[in-house]
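# Close look at the chain arrangement
One letter stands for each residue in the lines below.
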Amino acid sequence: RPRECVFEDVLVGEVWLGSGQSNMSLQVARCLNPEQEKASANFPLIREFGEKSLAHAQPKDNCKGKWTICSPETVSNYSAALYFMARELHKELKVPVGFIQSSVGGTPIENWIDVNTQLAVPELKETTETRIKSWNAFDEVKAKAKYEKELADWKAAKEKAKLDGQLEPTAKAPADPIAKRKGSGGPGELFNGKIAGLIPYTIRGIIWYQGEANAHSEERGKLYQTQLPTLIKDWRKYWKEELPFCWAQLPNFERVGENWPWLREAQLKSLSVSSTGMITTMDIGETDDIHPKNKQEIGRRFALWALNQVYGKKVEYSGPLPVSREIRGDKVIISFSHADGLKIKEGTELRGFEIANGLVKSKTIDENKKEIEVTSYNYAPAKAVIENGKVVVSSDTIKNPTAVRYAWANNPDCSLVNQDDLPASPFRFEPK
């Protein structure tokens, strides 16, 4: 006879999907004021679904995880960015809000895009084939032996320090490369394991918080200009809907070997894709921590974008974005959108602007650790003032400027915001 299935505690409301790498999965327990947030998390109409599947060689048709009710007992393990976004939406919309958290720390964007889609995009085909070849060439036996030796050496160093009465080495234990492969996969395998199984679940839109793993070089940063739009369009294709899609631009951060300005530019340019948005975060990063703890503000800014662009609320949701530049003699005048009440956030000086009037050659190290010669503009620090809602940039040392840029550094000193204290995006205008 037919079986009876009973579903209890079912809500009807808004559901958002959040994906990316570790800043998306960073838990409430690791953000600012965790004990305070835990104590106040009595929101039974907010729910999280944590997607627990691993990477997979082929697209999956199911997923692993369960819905949990937001409470002081559960919230510590929630994605902080998604929870704080959901909390804002719940308070403003007065409806239940659920969010699906499907992310993996340290993973590049190419693992989250269907590999066949990447191979069909001319700009991505060669790099995708190279990464597939590298992935398939992995020698598990050698990797395991190397890992076991490194782990034994690490343990021996700790034990020796203990016996000698010295401080233990600060280096972390070496990571198990085989376990890491299972979790992060190769090109396309996180899409297969952690996204495909969610389709066609009805969602309102997608929040993306990723980029750090693709920001190690200028080449990879520029490639992201193709990768992010490809991911957006591909996921929409599978959901058969032009889902609203918003991402967090990389914040200020300083570490040797990073090259974040190019990635930030790629994120800015990806706004050319319809029904998308970007929250700027240049004021809430942490110089020495790749995981900024102020996820409350990250979530609030995601919510501002959703409230305006998806739910039609009259709120500002973006920091100033560059629209155009005009050269008048020795000055460059820059116009912005989202620039009502354009101002300096702190102090009396508008910082972060540079201009140039010519090219110089220099040497650098590429992502393959080879020295190469590059041609770039001879940028010099510039004075900037706000006039009639625009920024006027000039320099005593640069006449007849041809190029201008703002906040073009891993950890720039910059101060331009709008009346809502939302920071301007880094950008550059250079002759083509």
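Cut-offs applied
Residues numbered from 1 in each chain as written. Predicted model: local features only at pLDDT ≥ 70, side-chain atom pairs only at ≥ 80, totals over all residues. Heavy atoms only, no water. Helix = DSSP H or I, 4+ residues; strand = E, 2+ residues; numbered from the N terminus. Rg over C-alpha atoms; globule rule 2.2 N^0.38 Å. Buried < 20%, exposed > 50% of the residue type's maximum accessible area, 1.4 Å probe, protein only. Contact = heavy atoms within 4.5 Å. Areas by Shrake-Rupley, 256 points an atom, 1.4 Å probe, with all protein chains shown as cover. Lys, Arg positive; Asp, Glu negative; His and termini not counted. Charge placed at Lys NZ, Arg CZ, Asp CG, Glu CD. Axes fitted to C-alpha atoms, helices over the stretch in contact; angles between N-to-C directions. Parallel < 35°, antiparallel > 145°, perpendicular 65-115°, else oblique. Nonpolar A, V, L, I, M, F, W, Y, C, P; charged D, E, K, R; others polar. Pairing = 2+ DSSP bridges. Polar contact = N/O pair within 3.5 Å; in protein donor to acceptor, adjacent residues only side chain to side chain. Phe/Tyr/Trp six-rings, centres within 6.5 Å; stacked < 30°, edge-to-face > 60°. Lys NZ or Arg CZ within 6 Å of the ring centre and 35° of its normal.

Attention now moves to the overall build of the protein. Secondary structure summary: the protein contains 11 helices and 19 strands in total. Against the 2.2 N^0.38 benchmark of 22 Å for 432 residues, the protein shows a C-alpha radius of gyration of 24 Å, consistent with a compact globule. In terms of overall dimensions, the protein has a C-alpha envelope of 85 × 55 × 55 Å along the principal axes. Put simply, the protein has 432 residues, and 50% of those count as buried. Residue pairs in contact within the protein that sit at least 24 positions apart in sequence constitute 74% of those at least 6 positions apart. Summed over its atoms, the accessible surface of the protein is roughly 22000 Å², and 49% of this surface lies on carbon and sulfur atoms. Here the protein contributes 60 positive and 58 negative side-chain charges, whose respective centroids are spaced 2 Å apart.

What follows deals with the packing of helix 5 (residues 122–136) against helix 9 (residues 218–239). Where helix 5 meets helix 9, the axes come as close as 10 Å, and the angle between the chain directions of the two elements is 105°. By the angle between their axes, helix 5 is roughly perpendicular relative to helix 9. Facing helix 5, whose interface residues are Glu123, Leu124, Thr127 and Arg131, helix 9 presents Arg220, Leu223, Thr226, Gln227 and Thr230. Residues of the contact of helix 5 with helix 9, tallied by class, amount to two nonpolar, four polar and three charged.

Let us look at the sheet that holds strand 16 (residues 390–394). Read from one edge to the other, the open sheet built from four strands follows the order 8-9-16-15, with strand pairing classed as antiparallel. The two strands at the open ends of the sheet, each matched to only one other strand, are strand 8 (321–328) and strand 15 (383–387). The mean inter-strand angle of the sheet, taken between neighbouring strand axes irrespective of direction, is 25°. Bridge count for strand 15 against strand 16 is five bridges, and the pairing is antiparallel. The residue bridging Val385 from the neighbouring strand is Val392, located in strand 16.

Here we take up helix 7 (residues 177–184). Listing the buried residues of helix 7 in full gives Ile178, Gly183 and Ser184. Against helix 6 (140–163) and helix 8 (189–195) lie the buried residues of helix 7. The N-terminus of helix 7 is capped by Asp176, whose side-chain oxygen sits 3.0 Å from the backbone nitrogen of Ile178. Gly185, located one to two residues past helix 7, shows a positive phi value of around 70°.

Note on placement: Leu54 falls in the loop between strand 2 (43–50) and strand 3 (67–70). Owing to a relative accessible area of 48%, Leu54 belongs among the partly exposed residues under this scheme. A sequence separation of 304 residues divides Leu54 from Gly358, and the C-alpha atoms of the two residues are 50 Å apart. Setting aside residues up to four positions removed in sequence, Leu54 forms contacts with Lys182, Gly183, Gly193 and Lys194.

Once that is clear, we can look at the packing of helix 9 against helix 10 (residues 260–269). Two elements in contact, helix 9 and helix 10, have axes whose closest approach is 8 Å; the angle formed by their N-to-C orientations is 5°. Viewed along their axes, helix 9 and helix 10 adopt a mutual orientation that is roughly parallel. Across the interface between the two elements, Glu218, Gly221, Lys222, Tyr224 and Gln225 of helix 9 pack against Trp262, Leu263, Glu265, Ala266, Gln267 and Lys269 of helix 10. The residue makeup of the contact of helix 9 with helix 10, split by class, is four nonpolar, three polar and four charged.

This next bit is on the environment of Arg220. Assignment of secondary structure puts Arg220 in helix 9. Residue classification places Arg220 among the buried positions, given a relative accessible area of 15%. As a C-alpha pair, Arg220 and Ile327 span 107 residues in sequence and 31 Å in three-dimensional space. At 2.7 Å, the side chain of Arg220 and the side chain of Glu110 are in polar contact.

Within the structure shown, the criterion is met by 19 aromatic pairs. Between Trp235 and Phe245, the aromatic rings sit 6.4 Å apart at their centres with planes inclined by 65°, giving edge-to-face as the arrangement. With Trp235 in helix 9 and Phe245 in strand 6 (residues 245–248), this pair connects stretches of sequence that are 10 residues apart. Judged by relative accessible area, which is 0%, Trp235 ranks as buried. When its relative accessible area of 0% is taken as the criterion, Phe245 is described as buried. Three or more aromatic residues link up through ring pairs in this structure, and these residues are Trp112, Trp208, Trp235, Phe245 and Trp247. The lysine or arginine in question, Arg181, covers the ring of Trp135, its NZ or CZ lying 3.5 Å from the ring centre.

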